[in-house]
Amino acid sequence: MHKVPWICIFIPAILLLEVAGTSIETREISYYLNEKVEFDPDIPSPEEILGYQVGEWHVRHDQLVDYMKQLAESSERVQIEEIGRTYEQRPLLMLTISSPTNLENLETIRSNHLKLSQPENQSSLSLDEMPVVVNLGYSVHGNESSGSNASLIIAYYLAAAKGPEIEDLLDKSIILLDPSLNPDGLSRFSHWANMHRGKNPVGDSIHREHREAWPGGRTNHYWFDLNRDWLLLQHPESKARIRKFHEWKPNVLTDFHEMGTDSTFFFQPGVPERRHPLTPDQNVELTQMIAEMHADILDPLGILYYSQERFDDFYYGKGSTYPDVNGSIGILFEQASSRGHLQESVHGELDFPFTIRNQCLTSLSTLKAARKHRITLLRYQRDFYQASENLAENAPVKAYIFGSENQPDTLFHLLEILFFHQIQVQKTSRNFAVDDHLFPLGFSYLLDLNQPQFRLIQALFEKRTEFPDNIFYDVSTWTLPTAMGIPFAELKIVPEDLSGKQVTSNPFPKGSVEIAEDSYAYVFDWNHFYAPRALNRLLEKDVFAKVATRPFKARTKTGTSNFPLGSIVIPKGFQGDNLKRIPEILETISLEDGIVIESVISGLTPEGIDLGSPNLKTIQRPRPLMMIGSGVSAYEAGEVWHLLDYRMDMNLVMVEMDDFTNLDLHHYTHLIFVSGSYGTISQKEVDRIKSWIRRGGVLIATRTAVNWAADKEISNVKMVKPEKEKTESQKNDAPTENYSYIQHEKIEDAKIISGAIVNVNLDITHPIAYGYADRQLPVFRNSRILMKLSDNPYSTVARYADETLFSGYIHDDFLPKFKGSASIIVDKIGKGTVISMVDNPNFRGIWLGTSKLFLNAVFFGSIVESTEVRK
């Protein structure tokens, strides 16, 4: 343990020299490694390929790829492969580095290593000669680029260094090196930093180099934080790295980041009380053992650092925590950022080479620690998986059952995630009911907890409301099937006849359509997740479509079918020349969207509305526009962009707020405002928005944008105001509670809602709730914003349930405030609609269970009718 006393003022002599340089000067390789190393002259150094020394410029991703490929061509210690591609088609690389002998026998070594996670195969293993596997991952946040630049040095060192120490390290290790976890973000940031680098470095934090243009380089192409996607797997970068992770199951995985310029350097362990209860105690002990090696390499240089503060190990969706639930040791590193080439800090001028060096040094200390504790790390992984059987036997929950006949497409995506995580899934062998909920045969699955991934299954499916500590660096819960809208249940006893065959494949569900010349109309229901994509295909081709605002039965080619609220009707009449296009579009929908489309033979129905009813509303093609730019949440804007563009194949116009003034709003049907600050929109423009709404426009506001729309009287929403400060007389009448100054963070941070799941009661007859069958719906909540129930009793689409908390942590003082407040309110204003969603329905792209609410707002917002209450 390396701890500093509470009150301790000190100035290491070396620190005066080593905190940072005063200019961007060329640093030799020895600076980054803190030692003189002899290198193989036949293997090119970074400088020989780049044309400059590491640290002088921010490496571009194409340069990084070029260097790594040339390194692999010239060194017998390096193999390289492309493991995937980003959205922008940049290659995702993985270098495998070891001794030539190990690389010749790599598949045998890998096969034996995987047996550590297979209890049935562990008895034949000998750990004495088995290499330790270390995965070095750099710069998952693209604008934290010291990691990717450090990867150049580390790769060169491992490929070209000479001497007995490096040869022993490579002989006893398999090193997986990922030089850029986020190529698209790195490319944005390197371009920004380099284009603003002058001959003379400028360290002033206000300088343009240090103030990236929105959205910055942190995120991937769709503006998602890839360091929250290790569990959720919504992006190609994440899928590629998780596939590679499970090909090897490394013993140690590193995750190199940056933090505020005035910070120092952090390495794990994190706050001891804030690790997930499923993480074994020994994991923390081994992390601390490795941490001692970091201290040993940093101490002689007088580099300031800390551990066991601020950062936690709770959410398993991060690069430093996902390994913890997979028998590995995940390690987070956070380096004070120069966010460019040079920046002033409280510790003096911080230059880019200095930030790179700390990442290099702790890369080396990690490798040396893994080599030193090789047997211990291998034994830990073996024992981690060996314990799964005992843990499963003693666990009160023996299995999870999940499934949905109405959502085969969402079920497909859930299974896809489970398979990526190496979780074994079985089909159920019969219908099975739990608490009056039927899990139907053919659409239901069983997760037996008695399998190697016992801990990971629990982490994905558990509902947790009690915690050892109530402060969270990220979300406090992430119940996967709930987020995706898939019903599931815990089984404490598993009937012997319930388990069916193990699932070995997961094809996308098939739809169907019967094209008939004598059909009157085609109909499909709105339950499927991709029903909006199907509808959009039709509207894009100018096909006339209607939505049922009342249920009905209709005669079809195969009998009589029930069609619920929200069903889409494509009448053959009124289609004109588009009629001949319809069969081809419907075939595409059935094949690519998995939709079952029925052929109705008459407009006269045996029950409910007829197909010419005024309760079938014509749907106009949405032409949505979203406000983006400085002050707007890039995460939430990216979630909307990803949902509409990537998932639903829709066009979304995105406009910077500076361009709003010159915008002709009549070209657009919807305005989308996600969380952000919209203070730059003038009152004149606000009035223009109001006029546009009255003439039929639909405005969708989420989270903090709800506040803005209410404040500007764009909506009729009334916010629940924070409690006012007590008067002096009130304070005197009430007992005063005193706290110690040092308790401030613990007490106040516990009031933050970092991410919980709450229940709402949903009006499933409202167009915004079409496609939902259950009136109670779990939603994601990560704010303290509350709306009052609407004065119009028909306008509150979702209100918080009496039993509000589903899973996660919310402070006891705040929970009662949900009573009498709304999650979704829809106001009819003139001919238009304002839809206020105080919770984020699209969180991290995984909340498929609530993103249908947002899609309904897009497709059905314009059909909402006035519900004025008569006096």
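Residues numbered from 1 in each chain as written. Predicted model: local features only at pLDDT ≥ 70, side-chain atom pairs only at ≥ 80, totals over all residues. Heavy atoms only, no water.

Trainee: Let's hear about the overall build of the protein: which residues, and what values?
Mentor: A count of helical and extended segments in the protein gives 24 helices and 35 strands. Relative to the globule expectation of 29 Å for 871 residues, the C-alpha radius of gyration of the protein, 29 Å, shows essentially globular dimensions. Considered along the principal axes of its C-alpha atoms, the protein spans approximately 85 × 70 × 65 Å. Per-residue burial for the protein yields a buried fraction of 60% across its 871 residues. The long-range fraction of contacts in the protein, counting pairs at least 24 apart against all pairs at least 6 apart in sequence, stands at 79%. In the form shown here, the protein has an accessible surface area of approximately 35,800 Å², with 47% of it arising from carbon and sulfur atoms. (Helix = DSSP H or I, 4+ residues; strand = E, 2+ residues; numbered from the N terminus. Rg over C-alpha atoms; globule rule 2.2 N^0.38 Å. Buried < 20%, exposed > 50% of the residue type's maximum accessible area, 1.4 Å probe, protein only. Contact = heavy atoms within 4.5 Å. Areas by Shrake-Rupley, 256 points an atom, 1.4 Å probe, with all protein chains shown as cover.)

Trainee: Report on the packing of helix 7 (residues 146-160) against helix 12 (residues 352-372), specifying residues and quantitative values.
Mentor: Across the interface, helix 7 lies against helix 12 with an axial gap of 8 Å and an inter-helix angle of 50 degrees. With respect to their mutual orientation, helix 7 and helix 12 come out oblique. In terms of crossing hand, the pair formed by helix 7 and helix 12 is right-handed. Contact residues: helix 7 offers Ser-146, Gly-147, Asn-149, Ala-150, Ile-153, Ile-154, Tyr-157 and Leu-158, while helix 12 offers Phe-352, Thr-355, Ile-356, Gln-359, Cys-360, Ser-363, Leu-364 and Leu-367. Tallied by class, residues from the contact of helix 7 with helix 12 come to 10 nonpolar, six polar and no charged. (Axes fitted to C-alpha atoms, helices over the stretch in contact; angles between N-to-C directions. Parallel < 35°, antiparallel > 145°, perpendicular 65-115°, else oblique. Left-handed = near helix turned anticlockwise from the far one by under 90°. Nonpolar A, V, L, I, M, F, W, Y, C, P; charged D, E, K, R; others polar.)

Trainee: Quick one: what's the story with the sheet that holds strand 1 (residues 78-85), residue by residue and with numbers?
Mentor: Read from one edge of the open sheet, seven strands run 1-2-4-3-5-7-6, paired in mixed fashion. Looking along the sheet, the strands with just one partner apiece sit at the ends: strand 1 and strand 6 (265-267). In this sheet, adjacent strand axes meet at a mean angle of 20 degrees when their direction is disregarded. Pairing between strand 1 and strand 2 (residues 91-97): seven bridges, direction antiparallel. Following the sheet pairing, Val-78 is matched in strand 2 by Ile-97. Its contacts with the sheet put helix 11 (residues 281-298) on strand 5 (252-259), strand 6 and strand 7 (329-336), and the angle it makes with strand 7 is roughly 35 degrees. (Pairing = 2+ DSSP bridges.)

Trainee: Describe the confidence of the model for the protein, with residues and values.
Mentor: A residue-level look at the protein finds 95% of positions with pLDDT of 70 or above and a mean pLDDT of 93. Residue range residues 1-22 is modelled with pLDDT below 50. Its contacts to residues more than four positions away, or to other chains, number 34 contacts. (pLDDT = per-residue confidence, 0-100.)

Trainee: Account for helix 6 (residues 106-114), with residues named and values stated.
Mentor: For helix 6, the full list of buried residues reads Leu-106, Ile-109, Arg-110, His-113 and Leu-114. Angularly, the buried residues of helix 6 cover 130 degrees about the axis, an arc narrow enough to put them on a single face. (Arc of directions from axis to C-beta.)

Trainee: If you had to explain the packing of aromatic side chains to someone new, which residues and values would you point to?
Mentor: This structure, assessed with the given rule, holds 47 aromatic pairs. Centroid distance Tyr-400 to Phe-488: 6.2 Å. Interplanar angle 55 degrees. Geometry classified as tilted. Taken as a pair, Tyr-400 in strand 10 (residues 399-403) and Phe-488 in strand 15 (residues 488-491) lie far apart in primary sequence, 88 residues in all. The exposure class assigned to Tyr-400 is buried, which follows from its relative accessible area of 2%. Plain terms: the ring middles of Trp-526 and Phe-859 are 6.1 Å apart, the flat faces sit at 70 degrees to each other, and that makes the pair edge-to-face. One end of the pair, Trp-526, is in the loop between strand 18 (521-524) and helix 17 (531-540); the other, Phe-859, is in helix 24 (residues 848-860), with 333 residues separating them in the sequence. Take Trp-526 and Phe-859: they sit in the same class, and that class is buried. Clustering of aromatic rings is evident, with ring pairs tying together Phe-314, Tyr-315, Tyr-316, Phe-467, Phe-472, Trp-478 and Tyr-809. Directly above the ring of Trp-230 sits Arg-241, whose terminal nitrogen or CZ lies 4.3 Å from the centroid. (Phe/Tyr/Trp six-rings, centres within 6.5 Å; stacked < 30°, edge-to-face > 60°. Lys NZ or Arg CZ within 6 Å of the ring centre and 35° of its normal.)

Trainee: Please set out unusual backbone geometry residue by residue, giving values where relevant.
Mentor: The omega angle of the peptide bond from Trp-214 to Pro-215 is 5 degrees, so this bond is cis rather than trans. Looking at the element boundaries, Pro-215 is found in the loop between helix 9 (183-195) and helix 10 (236-248). With an omega of 25 degrees, the peptide bond between Gln-268 and Pro-269 qualifies as cis. If you trace the backbone, Pro-269 turns up in the loop between strand 6 and helix 11. A positive phi is found at Gln-422, a non-glycine position, where the angle reads about 60 degrees. Within the fold, Gln-422 resides in the loop between helix 14 (408-420) and strand 11 (426-428). With a relative accessible area of 42%, Gln-422 lands in the partly exposed category. Of note in this structure, Arg-844 is not a glycine but carries a positive phi near 55 degrees.

Trainee: I'd like a description of the pairing of strand 18, backed by residues and values.
Mentor: Two faces belong to every sheet, and in a regular strand the side chains alternate between them. Residue alternation in strand 18 divides its side chains into two sets, Ala-521 and Val-523 and Tyr-522 and Phe-524, and both sets are buried. Two strands pair when backbone bridges link them, and strand 18 and strand 22 (residues 568-571) are joined in this way by four bridges, in the antiparallel orientation. Bridge pairing in strand 22 places Val-523 opposite Val-569. The sheet contact formed by strand 18 and strand 23 (residues 596-600) spans three bridges and is antiparallel. Bridging across to strand 23, Ala-521 finds its partner in Val-600.

Trainee: Tell me what's going on with the sheet that holds strand 14 (residues 444-448), and back it up with residues and numbers.
Mentor: Strand order in the open sheet formed by five strands is 15-10-14-11-16, and the pairing between neighbours is antiparallel. The open sheet is flanked by strand 15 and strand 16 (499-502), the only strands paired with a single partner. Between one strand axis and the next, the sheet turns through 30 degrees on average, direction left out of account. Sheet analysis places strand 10 next to strand 14, joined by five bridges and oriented antiparallel. If you follow Tyr-400 over to strand 14, its bridge partner there is Leu-447. Its contacts with the sheet place helix 14 against strand 10 and strand 14, and it is angled at close to 145 degrees to strand 10.

Trainee: Break down the side chain of Thr-279 for me, with residues and values.
Mentor: Structurally, the position occupied by Thr-279 is in the loop between strand 6 and helix 11. What makes Thr-279 buried here is its relative accessible area of 3%. If we ignore the near neighbours within four places in the chain, the residues touching Thr-279 are Tyr-316 and Asp-324.

Trainee: Describe the packing of helix 11 against helix 12, with residues and values.
Mentor: At a minimum axis distance of 8 Å, the contact between helix 11 and helix 12 shows a crossing angle of 135 degrees. One element, helix 11, and the other, helix 12, form an angle in the oblique class. As for how helix 11 packs across helix 12, the hand of that crossing is right-handed. Note on element contacts: helix 12 touches helix 11 through Asn-358, Leu-361, Thr-362, Leu-364, Ser-365, Thr-366, Lys-368, Ala-369 and Lys-372, opposite Ile-290, Met-293, His-294, Ile-297 and Leu-298. Residue composition of the contact of helix 11 with helix 12, grouped by class: seven nonpolar, five polar and two charged.

Trainee: Tell me what's going on with the environment of Leu-50, and back it up with residues and numbers.
Mentor: Looking at the secondary structure, you find Leu-50 in helix 3 (residues 46-50). Accessibility expressed as a relative area gives 13% for Leu-50, which makes it buried. Between the C-alpha atom of Leu-50 and that of Lys-368, which follows or precedes it by 318 residues, the distance is 28 Å.

Trainee: Pulling in residues and values, what's your account of helix 24?
Mentor: With 13 residues, helix 24 ought to run about 18 Å at 1.5 Å a step, and its terminal C-alpha atoms sit 18 Å apart, in line with that. Within helix 24, 13 of the 13 residues are buried, which leaves it mostly tucked inside the rest of the structure. (Expected span 1.5 Å × (residues − 1).)

Trainee: Talk me through the nonpolar core; I want residue IDs and the actual numbers.
Mentor: Ranked by internal contacts, the top residues of the largest apolar core, which has 164 residues, are Phe-402, Phe-673, Tyr-678 and Ile-689. When residues of this core are assigned to their parent elements, the largest contribution, eight residues, is made by helix 24. Contacts of Tyr-678, omitting those with residues within four sequence positions, involve Met-627, Val-632, Met-657, Phe-673, Ala-705 and Trp-708. Residues Val-78, Phe-265, Tyr-305 and Phe-384 belong to the second largest nonpolar core, which totals 73 residues. (Core = buried A, V, L, I, M, F, W, Y, C linked by side-chain atoms within 4.5 Å.)

Trainee: Explain the side chain of Gln-122 residue by residue, including any values.
Mentor: Within the element layout of this structure, Gln-122 appears in the loop between helix 6 and strand 3 (132-138). From its side chain, Gln-122 meets the backbone oxygen of Leu-116 in a polar contact 2.6 Å long. A polar atom in the side chain of Gln-122 sits 3.0 Å from the side chain of Gln-386. Once you skip the residues sitting within four places of it in the chain, Gln-122 turns out to touch Lys-115, Leu-116, Ser-117, Arg-382, Tyr-385 and Gln-386. (Polar contact = N/O pair within 3.5 Å; in protein donor to acceptor, adjacent residues only side chain to side chain.)

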